[in-house]
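# Understanding the architecture of this molecule
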Amino acid sequence: FDNIQEDYNNQLEELEHLSSLYESELSDHKVTDDSAVFSKLRDIETDKIELLTKELEDLEQAFEDAMASGLIEVGSDAWYDMRNEIHGVNEELLDLQENLADLYMEEFEQIQDEFDNLYDTIDHAVTQIENEIELLEAKGYSASEEYYNALQDLERQRIAMLEQELADLEAALEKAVDSG
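## Digging into the overall build of the protein chain
The secondary structure content of the protein chain amounts to four helices and zero strands. Each helix and strand of the protein chain, placed in order from N terminus to C terminus, yields the pattern α-α-α-α. The globule rule puts the C-alpha radius of gyration for 180 residues at 16 Å, and the 28 Å found for the protein chain is more than 25% above it. The dimensions of the protein chain, computed from C-alpha atoms along their principal axes, are 100 × 25 × 20 Å. Contacts in the protein chain between residues far apart in sequence, at least 24 positions, make up 72% of those at least 6 positions apart. Total accessible area on the protein chain stands at roughly 11,900 Å², and carbon and sulfur atoms take up 48% of it. Averaging the coordinates of the 10 positive side-chain charges in the protein chain and doing the same for the 52 negative ones gives two points 7 Å apart.

Structure, rendered in structure tokens:
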């Protein structure tokens with residue numbers, strides 16, 4: 001029973017180390033493609049879930065074998081210790097599943113924040129051009145066609161950005177839904 005736990009704990013520590021590296025990259029903003037890092041983190045969390053699921057199966061089998069062979073008795077200290085270890089792995093699995101859902105939500109929110117920032121930038125540029133046009137017209141001048149073309153270009157960018165945001169958010173939501 002202890003050997004099973006030690007083996008899985010060693011494998012889990014390796015995955016935890018990788019996860020820490022990727023989380024550090026995200027928090028330090030060392031990467032340009034956060035979605036790739038989120039994908040790697042989700043893969044690691046999924047690997048941890050698979051590993052703990054296998055550990056749980058092995059621990060339950062070892063427990064059943066120990067009970068069947070008479071090595072432990074119901075109510076003994078060993079029986080309670082083994083049951084507690086099995087319950088601990090179950091709790092860890094639930095935590096990992098919650099972490100995975102949180103990763104999807106965090107990526108979803110980050111995509112939304114990035115597009116909100118882009119939208120604000122374009123909106124600011126549109127407002128600035130509109131103010132320049134109003135200023136020119138207030139002084140009796142008429143704005144050149146370039147100003148109106150710039151406004152149209154910015155509106156096209158805003159529409160394209162919103163369409164891209166919609167596609168990205170739908171993809172992130174679909175990934176989250178598919179993962180449970």
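Moving on from the coordinates now.
## What about the pattern of salt bridges?
Considering all chains together, one arrives at seven salt bridges under this definition. In this structure, a network of salt bridges that share partners links the residues Glu16, Glu45 and Lys48.

## Focus on the confidence of the model for the protein chain
Across the protein chain, pLDDT averages 84, with 93% of residues at or above 70. Highest mean pLDDT in the protein chain belongs to helix α2 (residues 34–69) (90); lowest belongs to helix α1 (residues 2–28) (78).

Here is what the cut-offs are and how they apply
- Residues numbered from 1 in each chain as written.
- Predicted model: local features only at pLDDT ≥ 70, side-chain atom pairs only at ≥ 80, totals over all residues.
- Heavy atoms only, no water.
- Helix = DSSP H or I, 4+ residues; strand = E, 2+ residues; numbered from the N terminus.
- Rg over C-alpha atoms; globule rule 2.2 N^0.38 Å.
- Contact = heavy atoms within 4.5 Å.
- Areas by Shrake-Rupley, 256 points an atom, 1.4 Å probe, with all protein chains shown as cover.
- Lys, Arg positive; Asp, Glu negative; His and termini not counted.
- Charge placed at Lys NZ, Arg CZ, Asp CG, Glu CD.
- Salt bridge = Lys/Arg side-chain N within 4 Å of Asp/Glu carboxyl O.
- pLDDT = per-residue confidence, 0-100.

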